[in-house]
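One-letter residues, chain by chain:
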Amino acid sequence: MKKIMLTGDRPTGKLHVGHYVGSLRRRVELQNTGDFDDIFIMIADAQALTDNADNPEKVRQNIIEVALDYLACGLDPEKSTLFIQSQVPELCELSFYYMNLVTVSRLQRNPTVKAEIQMRNFEASIPVGFFTYPISQAADITAFKATTVPVGEDQMPMLEQTREIVHKFNSVYGETLVDPKILLPENEACLRLPGIDGKAKMSKSLNNCIYLSEEPEEIQKKVFSMFTDPNHIRIEDPGSLEGNTVFTYLDAFCRPEYFPEFLPEYKNLDELKEHYQRGGLGDMKVKRFLNNVLQAELEPIRNRRKEFQKDIPAVYEILRKGSIKAEAVAAQTLKEVKAAMKINYFDDAELIQEQAERFGE
Ligand code: ATP
Ligand code: MG
């Protein structure tokens, strides 16, 4: 069976380091292994409109920001198809048919959607489109026959919903859709990177982000203001790693080579953690180290972004070409779906013959 990757992001803001460790870094690594037959990376503008209906300009402005972040991180249009969701109308048609395979109560049970409804104060007035976005995500994934979906932990319920739709569809209409597998980050800290406030996950909607394109001074300011252990008051006090955002970020970003480069008095992260827990290691020293680590990780991304920013029409051209390719693939799947559902009347010579005979009698 072919190996196909699909994943994407909502153009509701620039991408942040949570996206990077949760999915983007993995996509680039997988892209560069050459193991995949096809890779589709989607800018989910139609999904972003489900909770930004009154602010389409926000979505429109952020498409290019996300595309620049993709290219800056090393997604390569020669190897990966970068496209815009709304430019592939077949996805809407698939969603429409999948809607019949899902109950309202099933959608109501989705824990991520539940949390998002609360966060947006939608309780009394949930837009139907927002409520059903897990179904539209199933269309996105299955349209490309994706086998692998690299995402953060918040996407687990979406993948489960997709798999249910695939199983239901295949059992009612015959084997047609491909069952996708979720690919979560291996590192615990990357499953759901917290915001710099230490609360919840880093999210564009919560204003607690370090953006991939952030300038060095801004990164440092954010790192220095980060949440640590509130009970670690004097340097000699023992410190706790539990919920300590600075250490969570080190888990997510630190590479072994950063110790000889920036903090040679420690061999590795375990040693640093041990000293912190024992007492005698100040927060500022750890923050300065994290700042160095993040600066080293983000500098090449920021510089590449600035290069791509010099030719914006070329970036739109990449998305246009990608969208054309994506549409061709989705159209083929839709054709197969309609054939399985037997709603391909005009291609069905047998049906026409059968009806002719019925009326000929
Ligand atoms: P929004 O607030 O508009 O929903 P978001 O920051 O949650 O934005 P999405 O576009 O919804 O970002 O998510 C894109 C991808 O990034 C998904 O695969 C998601 O799992 C992953 N992701 C987002 N935030 C984090 C995070 N803090 N840690 C790990 N992965 C994340
Ligand atoms: Mg989100």
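Just above, that's the structure.
Residues numbered from 1 in each chain as written. Chains lettered and ligands numbered in written order. Predicted model: local features only at pLDDT ≥ 70, side-chain atom pairs only at ≥ 80, totals over all residues. Heavy atoms only, no water.

**Q** Explain the layout of surface pockets here, please?
**A** Using a probe with the size of a water molecule, rolled over the atoms, empty space left in the structure can be pinpointed. Taken as a whole, the largest pocket spans an internal volume of roughly 920 Å³. Around the largest pocket, the lining comprises 43 residues; the ones closest to its centre are H19, E116, D154, Q155 and K201. Going through the elements one at a time, β1 (4–9), α1 (17–33), α6 (111–119), α8 (133–143), β4 (148–150) and α10 (188–191) are the ones with two or more residues in the lining of the largest pocket. There is about 430 Å³ of room inside the second largest pocket. As for the second largest pocket, its lining consists of 23 residues, and the residues nearest its centre are Y20, R25, R26, E29 and R255. Looking at the lining of the second largest pocket, the elements that each hand over two or more residues are α1, α12 (245–253) and α15 (283–309). In terms of residue count, α1 provides more of the lining of the second largest pocket than any other element does, eight residues in total. Of the residues contributing to the lining of the second largest pocket, the split by class is 13 nonpolar, three polar and seven charged. For the lining of the second largest pocket, the domains that each give at least three residues are domain 1 (4–192 + 312–353) and domain 2 (216–307). (1 Å grid on protein atoms, 1.4 Å probe; cavity = no way out; pocket = protein on both sides within 12 Å on 5 of 7 lines; lining within 4 Å. Points joined across faces, edges and corners; volume = space filled by probe spheres on them. Helix = DSSP H or I, 4+ residues; strand = E, 2+ residues; numbered from the N terminus. Nonpolar A, V, L, I, M, F, W, Y, C, P; charged D, E, K, R; others polar. Domains from an automatic or database assignment.)

**Q** I would appreciate a short explanation of the site of ligand 1 in the present structure.
**A** Taken together, 22 residues surround ligand 1, and among them T12, H19, D154, K201 and S205 come closest. Note that an oxygen atom of ligand 1 is positioned 2.5 Å from one of the side-chain N or O atoms of D154. With respect to the detected pockets, ligand 1 is housed in the largest pocket. Those elements that place two or more of their residues in the shell around ligand 1 are β1, α1 and α10. (Near = heavy atom within 4 Å. Polar contact = N/O pair within 3.5 Å; in protein donor to acceptor, adjacent residues only side chain to side chain. Sits in = over half its atoms within 2 Å of the grid points.)

**Q** Is there a simple way to explain the packing of helix α3 (residues 56–73) against α15 in this structure?
**A** Packed helices, taken two at a time, are described by the angle their axes make and the gap between the axes. At their nearest, the axes of α3 and α15 sit 8 Å apart, and the two run at 125° to each other. What the angle tells us is that α3 and α15 run oblique. The two elements α3 and α15 meet at a crossing, and its hand is right-handed. Of the residues in α15, those touching α3 at E65, L68, D69, L71, A72 and C73 are I301, R304, R305, F308 and Q309. For the contact of α3 with α15, the per-class residue count stands at six nonpolar, one polar and four charged. (Axes fitted to C-alpha atoms, helices over the stretch in contact; angles between N-to-C directions. Parallel < 35°, antiparallel > 145°, perpendicular 65-115°, else oblique. Left-handed = near helix turned anticlockwise from the far one by under 90°. Contact = heavy atoms within 4.5 Å.)

**Q** Help me understand the packing of aromatic side chains, please; the structure alone is not making it clear to me.
**A** Where two aromatic rings form a pair, the distance of their centres and the angle of their planes describe that pair. In this structure the tally under the stated criterion is 11 aromatic pairs. Ring geometry for F40 and F144: centres 4.6 Å apart, planes at 35°, overall tilted. Remark: F144 occurs in the loop between α8 and β4 and F40 occurs in strand β2 (residues 38–43); sequence separation between them is 104 residues. Judged by its relative accessible area of 1%, F40 is buried. Taking the centre distance of 6.2 Å and the plane angle of 75° together, the rings of Y98 and F169 count as edge-to-face. Here the residue Y98 occupies a position in helix α4 (residues 90–98), and F169 occupies one in helix α9 (residues 156–173), the gap between them amounting to 71 residues. Put simply, the rings of F40, F83 and F144 touch in pairs and so form one group of aromatic residues. Between K3 and the ring centre of F36, over which it is positioned, the NZ or CZ distance is 5.0 Å. (Phe/Tyr/Trp six-rings, centres within 6.5 Å; stacked < 30°, edge-to-face > 60°. Buried < 20%, exposed > 50% of the residue type's maximum accessible area, 1.4 Å probe, protein only. Lys NZ or Arg CZ within 6 Å of the ring centre and 35° of its normal.)

**Q** Please clarify how α6 should be interpreted in this entry.
**A** Given 3.6 residues to a turn, an α-helix orients residues that are three or four positions apart in the same direction. Those residues of α6 that sit buried are T112, V113, E116 and I117. One side of α6 carries all its buried residues, which in axial view fall inside an arc of 135°. Exposed and oriented more than 90 degrees from the buried face of α6 are P111, K114 and Q118. Residues of α6 that are buried in the fold lie against α7 (128–131), α8 and α9. Capping the start of α6, N110 holds a side-chain oxygen 3.0 Å from the backbone nitrogen of T112, two or three residues further along. (Arc of directions from axis to C-beta.)

On their own, these measurements won't tell you what the molecule is for.
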